[in-house]
Amino acid sequence: IIDDPTTTSEDTALLNKLIERKAELETELAQQLNYFKEKHPIIKGLRSELNSINKKIEEERQRILTLKKKAIQYRILKREVETSKAIYESLLNRLKETRSIQNLRLTNIRVVDRATVPDKPVRPKKKMNLILALFIGLFLSTGTALFIENLDLSIKEPDEVQKYLGLPILGTIPLYKQKKDRSVHPALSILTNSHSRVLESYRAIKANLTLSNPDLSKRLLLVTSSVPNEGKSVFSVGLAGVMARAGEKVLLVDVDFRHPNLHQVFGIQRTNGLSDLLAEGVQNLHNYIKSTEIENLDLLTCGSLPPDPAELLGTKKMEEVIQDLSKRYDRIIFDAPPVLAVTDALVLSTRVDGVIIIVRFEYTHRKALQRAKEALEGVNARILGAVLNMVTPRGGGYYYYYYYHYGEKS
Ligand SMILES: Nc1ncnc2c1ncn2[C@@H]1O[C@H](COP(=O)(O)OP(=O)(O)O)[C@@H](O)[C@H]1O
Ligand SMILES: [Mg+2]
């Protein structure tokens, strides 16, 4: 115990004294035993003193031991207290810091505007979407309409003829249904049905022609178009028929040497026609001119097909024939080939009083029509106007009605 470094000298002072005293007593006892026997009161006294000293030493040792134990416990407890204190202090510090930061924030922040609960939904934005839809819809529809309009460049309205060409519209002819009965050519069957809309439109065109061009009352007309199959021949027959019915003496001349078909319309032989007349002579005119089933309407077929029709039509002889014929007839109508295919129509156009251009509805290309018009103007032909053929009802009615009444007024 004494050697233990943890025990202090204070603690062991009493113990040391007791040990010293014991040693003294032991030496004294050893000396006295030289003189006295065991039973001697001095020896007895020494021994009892030694015993009590031993007892005291033992007691003291026990006391120190418990003291040491307590000291150890105390130290453990003390350390615990110290650590707890350190932890407590650091926590306290942190608490102080956060408090001070909180205080700082609280002083800096103000409520500027209180948040409110909206009464309308944020999304979807109905108004915005509607406006967007409107614009996108408009944009797409006009875009598509323009695209389609530019894709299909055919003439689709009477106004377009005037707009793109500056040509007056003489009238429109509706598209008629082809009859199954093939015994009468459709071009003629129109003329026999006096109440047909097609016949009405021919009459309107005739009225329009003569009223707007009084100088044409006894003149030569050339019917042509920009491309084939626009209805030149059918129109020539129709107009000639209507004029003949009105009492004019009319001659129909087939000058389409490429695709002659007037003889088929009237069921007459093609031979002994214009080309033969030009080859032989004007003297025997009556040999070539054929009368038709329509009163006042005569027909001059194209005759045998010449190698160069354009040259033939441009000869001096042709001019003489035309002059001679114009003396005998009130009206001569030439059914010519298309302008853009061959020059025949151009050659002849300068020798007549007026040219009528047939435009097929939703078929004739704007550009083609424009070029045909330019070609005719190039040879100084007098273009009377255009006829829009094979018009189909659109938007509840035929354009033809409008032009019919327009024609009557003028
Ligand atoms: N208004 C119309 N309605 C229906 N078909 C027509 C009309 N006009 C012409 N046709 C038809 O169109 C085709 C071509 O006509 P056609 O007069 O021979 O043309 P072109 O002489 O210009 O080549 C013919 O089959 C004809 O019956
Ligand atoms: Mg024809």
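Residues numbered from 1 in each chain as written. Chains lettered and ligands numbered in written order. Predicted model: local features only at pLDDT ≥ 70, side-chain atom pairs only at ≥ 80, totals over all residues. Heavy atoms only, no water.

**A short note on the pairing of strand 6 (residues 331-335)**
Most of strand 6 is tucked away: 5 of the 5 residues are buried. Residues of strand 6 alternate between two faces, with Arg-331, Ile-333 and Asp-335 on one and Ile-332 and Phe-334 on the opposite face, all of them buried. Alignment of strand 2 (residues 220-225) against strand 6, held across 4 bridges, turns out to be parallel. Its bridge partner being in strand 6, Leu-222 is matched across the sheet by Phe-334. In terms of strand pairing, strand 3 (residues 250-254) meets strand 6 through 5 bridges, oriented parallel. Within the sheet, the bridge partner assigned to Leu-252 lies in strand 6 and is Ile-333. (Buried < 20%, exposed > 50% of the residue type's maximum accessible area, 1.4 Å probe, protein only. Helix = DSSP H or I, 4+ residues; strand = E, 2+ residues; numbered from the N terminus. Pairing = 2+ DSSP bridges.)

**What about a nonpolar patch on the surface?**
Side chains of Met-128, Leu-132, Ile-136, Phe-139 and Leu-140 sit close together on the surface and give an oily, nonpolar patch of about 540 Å² of accessible area. On the secondary structure map, Phe-139 appears in helix 3 (residues 126-151). (Patch = residues over 30% accessible without salt bridge, like charges linked within 9 Å, V, L, I, M, F, W, Y side chains within 5 Å. Areas by Shrake-Rupley, 256 points an atom, 1.4 Å probe, with all protein chains shown as cover. Salt bridge = Lys/Arg side-chain N within 4 Å of Asp/Glu carboxyl O.)

**Thoughts on the packing of helix 6 (residues 197-212) against helix 7 (residues 232-245)**
Following both chains from N to C, one finds helix 6 and helix 7 inclined at 75°, their axes separated by 9 Å at the closest point. In terms of orientation, helix 6 and helix 7 fall into the roughly perpendicular class. On the side of helix 6, the interface is formed by Leu-199, Tyr-202, Arg-203, Ile-205, Lys-206 and Leu-209, while helix 7 contributes Val-234, Phe-235, Gly-238, Leu-239, Val-242, Met-243 and Arg-245. Split into classes, the residues belonging to the contact of helix 6 with helix 7 amount to 9 nonpolar, 1 polar and 3 charged. (Axes fitted to C-alpha atoms, helices over the stretch in contact; angles between N-to-C directions. Parallel < 35°, antiparallel > 145°, perpendicular 65-115°, else oblique. Contact = heavy atoms within 4.5 Å. Nonpolar A, V, L, I, M, F, W, Y, C, P; charged D, E, K, R; others polar.)

**Concerning the sheet that holds strand 3**
Reading across the sheet, the 8 strands line up as 1-8-7-2-6-3-5-4 and stay open at both edges, with mixed pairing between neighbours. Single-partner strands in this sheet number two, and they are strand 1 (169-174) and strand 4 (290-291). Its contacts with the sheet put helix 7 on strand 1, strand 2, strand 3, strand 5 (297-300), strand 6, strand 7 (354-360) and strand 8 (383-391), and the angle it makes with strand 6 is roughly 170°. Along the sheet face, helix 13 (residues 366-378) touches strand 2, strand 7 and strand 8 and points at about 170° away from the line of strand 7.

**A word on the environment of Leu-167**
By secondary structure assignment, the location of Leu-167 is in the loop between helix 4 (158-165) and strand 1. By relative accessible area, Leu-167 is classed as buried at 4%. Here the alpha-carbon distance between Leu-167 and Leu-384, two residues 217 residues apart in the chain, equals 8.0 Å. Beyond its immediate stretch of four places on either side in the chain, Leu-167 contacts Val-161, Gln-162, Ile-357, Lys-373, Ile-383 and Ala-386.

**Considering the layout of surface pockets**
Space inside the largest pocket adds up to approximately 580 Å³. In terms of lining, the largest pocket is formed by 28 residues, of which the most central are Asn-229, Glu-230, Gly-231, Val-234 and Asn-261. Contributing elements (two or more residues each) for the lining of the largest pocket: strand 1, helix 5 (186-192), helix 7 and strand 8. By residue number, the principal contributor to the lining of the largest pocket is helix 7, which donates 4 residues. (1 Å grid on protein atoms, 1.4 Å probe; cavity = no way out; pocket = protein on both sides within 12 Å on 5 of 7 lines; lining within 4 Å. Points joined across faces, edges and corners; volume = space filled by probe spheres on them.)

**Examining the nonpolar core**
Leu-274, Leu-300, Leu-325 and Phe-334 are the most contacted members of the largest nonpolar core, which totals 47 residues. Residue contacts for Leu-274: discarding those within four places in its chain leaves Val-253, Val-255, Phe-257, Leu-300, Thr-301, Cys-302, Gly-303, Leu-313, Met-318 and Val-321. One finds Tyr-202, Val-234, Ile-358 and Val-387 within the second-largest nonpolar core, a separate group that totals 36 residues. (Core = buried A, V, L, I, M, F, W, Y, C linked by side-chain atoms within 4.5 Å.)

**A closer look at the packing of helix 4 against helix 13**
Viewed as axis vectors pointing N to C, helix 4 and helix 13 meet at an angle of 55°, and their least axial separation amounts to 10 Å. Taken together, the axes of helix 4 and helix 13 lie oblique to each other. In this structure, the crossing between helix 4 and helix 13 has a hand that is right-handed. Only Arg-366, Leu-369, Gln-370 and Lys-373 of helix 13 make contact with helix 4, whose side of the interface consists of Glu-160, Tyr-164 and Leu-165. (Left-handed = near helix turned anticlockwise from the far one by under 90°.)

**Here we look at the pairing of strand 8**
The element strand 8 is largely enclosed, with a buried count of 8 among its 9 residues. Note: strand 7 against strand 8, 6 bridges, orientation parallel. Looking at strand 8, one finds that Arg-360 is bridged to Asn-389. Once you follow strand 7 into helix 13 and on to strand 8, the crossover reads as right-handed. (Right-handed = clockwise from strand over helix to strand, strands pointing away.)

**Focus: the site of ligand 1**
In the vicinity of ligand 1 lie 14 residues, with Tyr-176, Asn-229, Gly-231, Lys-232 and Ser-233 positioned nearest. Take Tyr-176: an N or O atom from its main chain is 2.9 Å from a nitrogen atom of ligand 1. A distance of 3.2 Å separates an oxygen atom of ligand 1 from a polar atom in the backbone of Glu-230. The protein chains hide 83% of the 560 Å² of surface that ligand 1 would expose on its own. The site holding ligand 1 turns out to be the largest pocket. Looking at the shell around ligand 1, the elements with two or more residues in it are strand 1, helix 7 and strand 8. (Near = heavy atom within 4 Å. Polar contact = N/O pair within 3.5 Å; in protein donor to acceptor, adjacent residues only side chain to side chain. Sits in = over half its atoms within 2 Å of the grid points.)

**Examining helix 1 (residues 9-33)**
Helix length check: helix 1 (25 residues) gives 35 Å between terminal C-alpha atoms against 36 Å at 1.5 Å per residue, within 8%. Among all positions in helix 1, only Thr-12, Leu-15, Leu-18, Leu-25, Leu-29 and Gln-32 are buried. (Expected span 1.5 Å × (residues − 1).)

**A short note on the domain arrangement of the protein chain**
Domain boundaries in the protein chain define domain 1 (9-108), domain 2 (127-152) and domain 3 (157-409). Each of domain 2 and domain 3 has a C-alpha centre, and these two points are 44 Å apart. (Domains from an automatic or database assignment.)

**A few points about the environment of Tyr-35**
Summarising the element assignment, Tyr-35 is placed in the loop between helix 1 and helix 2 (41-108). Classification of Tyr-35 as exposed rests on a relative accessible area of 65%.

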